[in-house]
Amino acid sequence: ALHEFPNDIFTNEDRRHGAVVLHVLCAVYMFYALAIVCDDFFVPSLEKICERLHLSEDVAGATFMAAGSSAPELFTSVIGVFITKGDVGVGTIVGSAVFNILCIIGVCGLFAGQVVSLSSWSLLRDSIYYTLSVVALIVFIYDEKVSWWESLVLVLMYIIYILIMKYNSTIHHLFERKTKNSANMVNGLANNTEMDDNSNCDATVVLLKKGNFHRKASVIMVDELLSAYPHQLSFSEAGLRIMITSHFPPKTRLSMASRMLINERQRLINSRTYTNGESEVAIKIPIKHVVENGTGPSNSGERGVNGTRRDEDIAEAGNETENENEDNENNENDEEEEEDDDDDDHEGPYTPFDLPTGKIEILKWLFTWPLSFVLYFTVPNCNKPHLEKWFMVTFASSTLWIAAFSYMMVWMVTIIGYTLGIPDVIMGITFLAAGTSVPDCMASLIVARQGMGDMAVSNSIGSNVFDILIGLGLPWALQTLAVNYGSYIRLNSRGLIYSVGLLLASVFVTVFGVHMNKWKLDKKLGCVCLSLYGIFLCFSIMTEFNVFTFVNLPMCRDH
């Protein structure tokens with residue numbers, strides 16, 4: 001693979017005497033550059049595209065958001081197929097997949113700071129389809145070559161996955177109906193299985209649930225909802241209820257409706273938990289943390305395939321602002337959106353001409369200055385209102401930068417591997433996999449710290465489905481169908497079969513572990529997952545170095 005790239009300025013002897021450290025630093029900087037471009041430019045442009053196409057949350061999560069978080073792996077795979085013609089792409093995706101499942105769930109369990117509840121539906125949905133994807137991959141790479149129809153099957157499987165996500169709520173409804181039991185009842189309310197939302201009768205839950213399907217806070221007919229899903233009212237609530245009927249003028253109705261929403265919200269906080277139709281989540285943090293920690297509309301926390309929790313937080317944040325000024329609901333919502341925009345600007349990329357405050361921030365700014373300087377002039381930041389209409393330019397230019405940084409990263413890693421005598425596959429499974437998945441890990445951790453375990457787990461498993469079906473399937477399909485019709489993709493390493501087999505085992509072990517842990521993500525489960533990741537790495541490395549059986553030819557050396 002080394003000879004497929006331009007010549008290095010250092011000789012192999014120079015690298016062995018210490019110059020390889022410069023290559024390592026360059027590779028690490030490329031990881032950071034990829035994270036910046038993906039989070040601050042690529043994902044926001046994808047959000048704008050989703051808004052223009054009017055895609056539902058689930059479909060957007062399964063398609064554009066997954067593409068956003070897995071772009072480095074996809075481009076690494078493309079480079080592996082068309083440039084290095086080796087296993088670096090497959091190794092990266094297999095390693096990244098195991099990292100996503102074991103390491104991300106392990107880190108979330110250890111550092112979430114609380115016990116996070118998981119719902120069985122989202123975990124089972126993603127892991128079952130993911131298992132099918134891995135089984136298909138094992139069957140196709142078993143003979144060490146991939147034909148055009150095999151790569152096409154992988155791409156078609158991803159299209160089916162998008163359809164499943166599109167009808168997710170309907171399938172979930174059927175799943176819930178079969179597994180429903182008395183535990184889903186809250187506050188002793190009557191069970192009403194005919195409900196549209198498959199939620200309980202608590203009006204607040206219905207309000208939150210109704211708000212889920214719109215990005216902006218939508219107009220909710222409070223009186224209609226409360227009459228459709230009644231609950232035991234106190235005397236004051238009954239008074240408010242009467243005053244939001246059509247017998248009163250609009251201004252009174254609006255004022256009373258907002259008061260009623262605030263009362264419902266307050267009652268919800270006092271009860272400390274709510275049910276959202278999937279699982280109970282303890283509300284342990286104020287809403288301001290949600291925005292600060294970075295699950296605002298354009299941050300990486302949005303990557304999760306199961307994006308509904310984030311929208312609930314936005315709905316809750318909207319209700320929180322209503323507490324401050326009950327009678328001017330619309331203005332408050334506008335102010336809250338502006339606050340979010342300010343936060344995004346603060347959390348967004350550094351600009352090369354604005355020095356931040358604080359010593360650590362200044363160090364970060366200096367470290368990223370070359371990067372922010374180049375991106376400032378080449379990629380418009382579509383988070384800013386005056387550049388919002390340039391989102392397609394942001395999408396195109398950030399895609400080119402991701403491709404360029406991925407090329408540099410794979411080039412550096414190939415040189416490092418060659419210098420140290422490490423096969424491409426091992427560099428992919430360890431160094432590249434961890435580097436390209438660190439942004440995912442950070443995003444999942446931020447989300448898990450806010451008690452949204454489903455979104456963290458869906459983010460890690462959902463991006464894996466994209467990695468395997470599109471990250472491998474698409475470059476293979478392009479090579480065997482478009483570039484050289486009827487050709488085969490040949491895999492050099494026999495050990496990949498064992499690594500993919502271990503990948504399948506890791507899914508089973510994770511789901512079994514979560515089930516045994518009563519669908520809770522805690523430190524105990526985190527430790528188990530991280531130790532399993534260590535075992536996987538050891539086993540994969542030993543397999544590639546021919547410890548158990550002969551899988552790899554020794555690396556050629558320049559004499």
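- The name an unreviewed UniProt entry assigns to the chain is Sodium/potassium/calcium exchanger 3, from the organism Dryobates pubescens.
- Reading the Sequence similarities (unreviewed entry) entry of the UniProt record for the chain gives the comment "Belongs to the Ca(2+):cation antiporter (CaCA) (TC 2.A.19) family. SLC24A subfamily."
- Looking at the chain in UniProt, the text filed under Subcellular location (unreviewed entry) is "Cell membrane".

A few points about the overall build of the chain
At step 1: Each helix and strand in the chain was counted, giving 20 helices and 6 strands.
At step 2: Out of the 559 residues in the chain, the part that is buried amounts to 54%.
At step 3: For the chain, the accessible area works out to roughly 25400 Å², and carbon and sulfur atoms hold 64% of it.

Quick look at the packing of aromatic side chains
At step 1: Enumeration over the complete set of coordinates arrives at 21 aromatic pairs.
At step 2: Directly above the ring of Y488 sits K145, whose terminal nitrogen or CZ lies 4.7 Å from the centroid.

Looking at the packing of helix α17 (residues 424–449) against helix α20 (residues 523–544)
A pair of packed helices is captured by two measures, namely the crossing angle of their axes and the spacing between those axes.
At step 1: Where α17 contacts α20, the axes come no closer than 10 Å and their chain directions differ by 170°. The pairing of α17 with α20 is recorded here as roughly antiparallel in orientation. Contacts between α17 and α20 involve V425, I426, I429 and T430 on the former and, on the latter, Y533, F536, L537, S540, I541 and E544.

Observations regarding the nonpolar core
At step 1: Ranked by size, the top nonpolar core spans 67 residues in total, and within it Y130 and W476 carry the most contacts.
At step 2: Breaking this core down by element, the ones donating at least two residues are α2 (57–82), α3 (88–111), α4 (120–141), α5 (148–166), α17, α18 (453–483), α19 (495–516) and α20.
At step 3: No other element matches the 13 residues that α3 contributes to this core.
At step 4: Core analysis: the second largest hydrophobic core is formed by 43 residues, L34, F41, C382 and I426 among them.

What about the pattern of salt bridges?
Where side chains of opposite charge bring their charged atoms close, a pairing between them can arise.
At step 1: Taken as a whole and assessed by the stated rule, the structure comprises 2 salt bridges.
At step 2: Across the pair D8 and R15 runs a salt bridge, and its minimum N-O distance is 2.9 Å.
At step 3: Classification of D8 as partly exposed rests on a relative accessible area of 23%.
At step 4: Exposure remark for R15: the relative accessible area of 4% places this residue in the buried category.
At step 5: Two residues, D126 and R125, come together in a salt bridge whose shortest N-O distance is 3.1 Å.
At step 6: Judged by relative accessible area, R125 falls into the buried class, the value being 7%.

A word on the confidence of the model for the chain
At step 1: Averaged over the chain, the pLDDT score is 75; the fraction of residues at 70 or greater is 74%.
At step 2: Here residues 182–220 is a poorly scored stretch, pLDDT under 50, and it has 72 contacts once near neighbours within four places are set aside; other chains count.
At step 3: Scored below 50 in pLDDT, residues 272–346 shows 159 contacts in the model against residues more than four places distant or in partner chains.

Focus: unusual backbone geometry
At step 1: Within the chain, K518 stands out as a residue other than glycine whose phi angle is a positive 60°.
At step 2: Topologically, K518 is positioned in the loop between α19 and β6 (520–521).
At step 3: The backbone of W519 shows a phi angle near 55°, a positive value even though the residue is not glycine.
At step 4: You can see W519 is positioned in the loop between α19 and β6.

Some thoughts on the side chain of S506
At step 1: For S506, the location among the structural elements is in helix α19.
At step 2: Residue classification places S506 among the buried positions, given a relative accessible area of 6%.
At step 3: Setting aside residues up to four positions removed in sequence, S506 forms contacts with I101 and L102.

Re the packing of α4 against α5
At step 1: Put simply, α4 and α5 touch, their axes get as near as 10 Å, and they point 175° apart. Classified by the angle their axes make, α4 and α5 are roughly antiparallel. Two secondary-structure elements touch here, α4 through R125, D126, Y129, L132, S133, A136 and F140 and α5 through W149, E150, V153, L154, M157, I160, Y161, I164 and M165.

Describing a nonpolar patch on the surface
At step 1: Where nonpolar side chains cluster on the molecular surface, the patch consists of W148, W149, L152, L156, I159, L163, Y167, I171 and Y485 and spans about 910 Å² of accessible area.
At step 2: Ranked by the residues each element gives to the nonpolar patch, the list is headed by α5, at 6 residues.
At step 3: Examined against the element boundaries, W149 turns out to sit in helix α5.
At step 4: Since its relative accessible area comes to 45%, W149 is described here as partly exposed.

A short note on the environment of A27
At step 1: Within the secondary structure, A27 sits in helix α1 (residues 12–53).
At step 2: With relative accessibility at 0%, the residue A27 sits in the buried group.
At step 3: Dropping the residues within four chain positions of it, A27 is found in contact with M412, V413, I416 and F431.

Points about the side chain of D467
At step 1: With respect to the helices and strands, the residue D467 is situated in helix α18.
At step 2: Side-chain polar atoms of D467 contact the side chain of S70, separated by 3.1 Å.
At step 3: When residues no more than four places from it in sequence are discounted, the contact partners of D467 are S70, E73, I93, S96, N100 and L472.

Considering the environment of F395
At step 1: Checked against the element boundaries, F395 lands in helix α16 (residues 391–420).
At step 2: The exposure class of F395 is partly exposed, given its relative accessible area of 25%.
At step 3: Those residues within four positions of F395 in sequence are excluded, and the remaining contacts are F42, S45, L46 and I49.

Looking at the environment of F64
At step 1: When you line up the elements, F64 lands in helix α2.
At step 2: On a C-alpha basis, the gap between F64 and S45 in space is 9.7 Å, while along the polypeptide they are 19 residues apart.
At step 3: Other than its neighbours up to four places away in sequence, F64 contacts L46, I49, C50, L53 and L55.

About the thresholds
Residues numbered from 1 in each chain as written. Predicted model: local features only at pLDDT ≥ 70, side-chain atom pairs only at ≥ 80, totals over all residues. Heavy atoms only, no water. UniProt positions renumbered as here; feature names shortened; annotations may be inferred. Helix = DSSP H or I, 4+ residues; strand = E, 2+ residues; numbered from the N terminus. Buried < 20%, exposed > 50% of the residue type's maximum accessible area, 1.4 Å probe, protein only. Areas by Shrake-Rupley, 256 points an atom, 1.4 Å probe, with all protein chains shown as cover. Phe/Tyr/Trp six-rings, centres within 6.5 Å; stacked < 30°, edge-to-face > 60°. Lys NZ or Arg CZ within 6 Å of the ring centre and 35° of its normal. Axes fitted to C-alpha atoms, helices over the stretch in contact; angles between N-to-C directions. Parallel < 35°, antiparallel > 145°, perpendicular 65-115°, else oblique. Contact = heavy atoms within 4.5 Å. Core = buried A, V, L, I, M, F, W, Y, C linked by side-chain atoms within 4.5 Å. Salt bridge = Lys/Arg side-chain N within 4 Å of Asp/Glu carboxyl O. pLDDT = per-residue confidence, 0-100. Patch = residues over 30% accessible without salt bridge, like charges linked within 9 Å, V, L, I, M, F, W, Y side chains within 5 Å. Polar contact = N/O pair within 3.5 Å; in protein donor to acceptor, adjacent residues only side chain to side chain.

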